[in-house]
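So you can see what is in the structure, the chains are spelled out below.
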Amino acid sequence: MRLPKLRELIEAIKALWKGPYTSKFPYETHRPYPSFRGQPKFNEAKCVGCTACEQVCPVRAIKSVDIIDDKSPRRKMIHYTDTCIFCGQCEAGCLADKEGIKLSNDWELSFFDRKLSQEEIEKELQLCEICGAVIACKDHLKWIAERIGELSFSNPTLYLSKLKGLGIIDENITSALKDFGRSDRVKILCSRCRRETTLTTKE
Ligand code: SF4
Ligand code: SF4
């Protein structure tokens, strides 16, 4: 007769007074361990829309979509729970001090409608004031300006974003000067328009 292994025997004896290791789900609610890696969730207030999480996700379970229509331009960050493998790379690589997306304890993730498995947030986009190209999310520009402190005053795109965020200058104010020359330099610009307005000799 095969004798039980010593470790199994000890576990069986311990279980007599500690109770079973497994939960009685679905008759009782299962409570996962605090370190359990469940569904990642965006924090719209903390996320700056940088797309770093999209770039590090090994299975492309995160997608960003820039929308420019009649409403204010915005970036949609979408998480596909049905593709996610709960590896935690998005949280580990999150630019916003790992607060923009976090793995939760949610584990009961069966959906009858696949669309319900998607979670999404929207972040406001900053467009170039000359050509209308997407520069970055407004919160991302403010985040960079805060990180580099007074160095941001060497870059009009950064300090104007910061001042607009603080309400010191009007969000909707735009310069009347549109000569695509040096007078346009103090504007929020994409890198191409920044280069052209800096190098041009028009005055
Ligand atoms: S947990 Fe892993 S697979 Fe899921 S969204 Fe984050 S990086 Fe992608
Ligand atoms: S701030 Fe974090 S959650 Fe938001 S887009 Fe960047 S990496 Fe993703």
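The preceding data block contains the structure.
Residues numbered from 1 in each chain as written. Chains lettered and ligands numbered in written order. Predicted model: local features only at pLDDT ≥ 70, side-chain atom pairs only at ≥ 80, totals over all residues.

(A) Inspection of the overall build of the protein at higher detail. Within the protein, the secondary structure is distributed over 6 helices and 6 strands. For the protein, the proportion of its 203 residues judged to be buried stands at 21%. Of the contacts made within the protein by residues no fewer than 6 positions apart, 60% connect residues no fewer than 24 positions apart. (Helix = DSSP H or I, 4+ residues; strand = E, 2+ residues; numbered from the N terminus. Buried ≥ 20, exposed ≤ 12 C-beta atoms within 10 Å, placed from the backbone. Contact = placed C-beta atoms within 7 Å.)

(B) Structural view of the packing of helix α4 (residues 138–148) against helix α5 (residues 156–166). Relative orientation of the contacting elements α4 and α5 amounts to 105°, with a least axis distance of 8 Å. Our classification of the angle between α4 and α5 gives roughly perpendicular. Counted together, Lys138, Leu141, Lys142, Ile144 and Ala145 of α4 and Thr157, Leu158, Tyr159, Ser161, Lys162 and Gly165 of α5 form the full contact between these two elements. Of the residues that constitute the contact of α4 with α5, the class distribution is 5 nonpolar, 3 polar and 3 charged. (Axes fitted to C-alpha atoms, helices over the stretch in contact; angles between N-to-C directions. Parallel < 35°, antiparallel > 145°, perpendicular 65-115°, else oblique. Nonpolar A, V, L, I, M, F, W, Y, C, P; charged D, E, K, R; others polar.)

(C) View of the site of ligand 1. Among the 13 residues in the neighbourhood of ligand 1, the closest are listed as Cys57, Cys84, Cys87, Gln89 and Cys90. The residue makeup of the shell around ligand 1, split by class, is 10 nonpolar, 3 polar and no charged. (Near = placed C-beta within 6 Å.)

(D) Summary view of helix α6 (residues 191–199). Regarding α6, the residues found buried are Cys193, Arg194 and Thr197. Taken around the axis of α6, the buried residues stretch over an arc of 105°, which confines them to a single face. For α6, the exposed residues lying more than 90 degrees away from the buried face are Ser191, Arg192, Arg195 and Leu199. (Arc of directions from axis to C-beta.)

(E) Quick look at the environment of Ile68. With respect to the helices and strands, Ile68 occurs in the loop between β2 (62–67) and β3 (74–80). Ile68 gets classed as partly exposed once you count the C-beta atoms within 10 Å, which come to 13. Expressed as a C-alpha distance, the spacing of Ile68 and Leu127, which sit 59 residues apart in the sequence, is 9.5 Å.

By themselves these figures say nothing about function.
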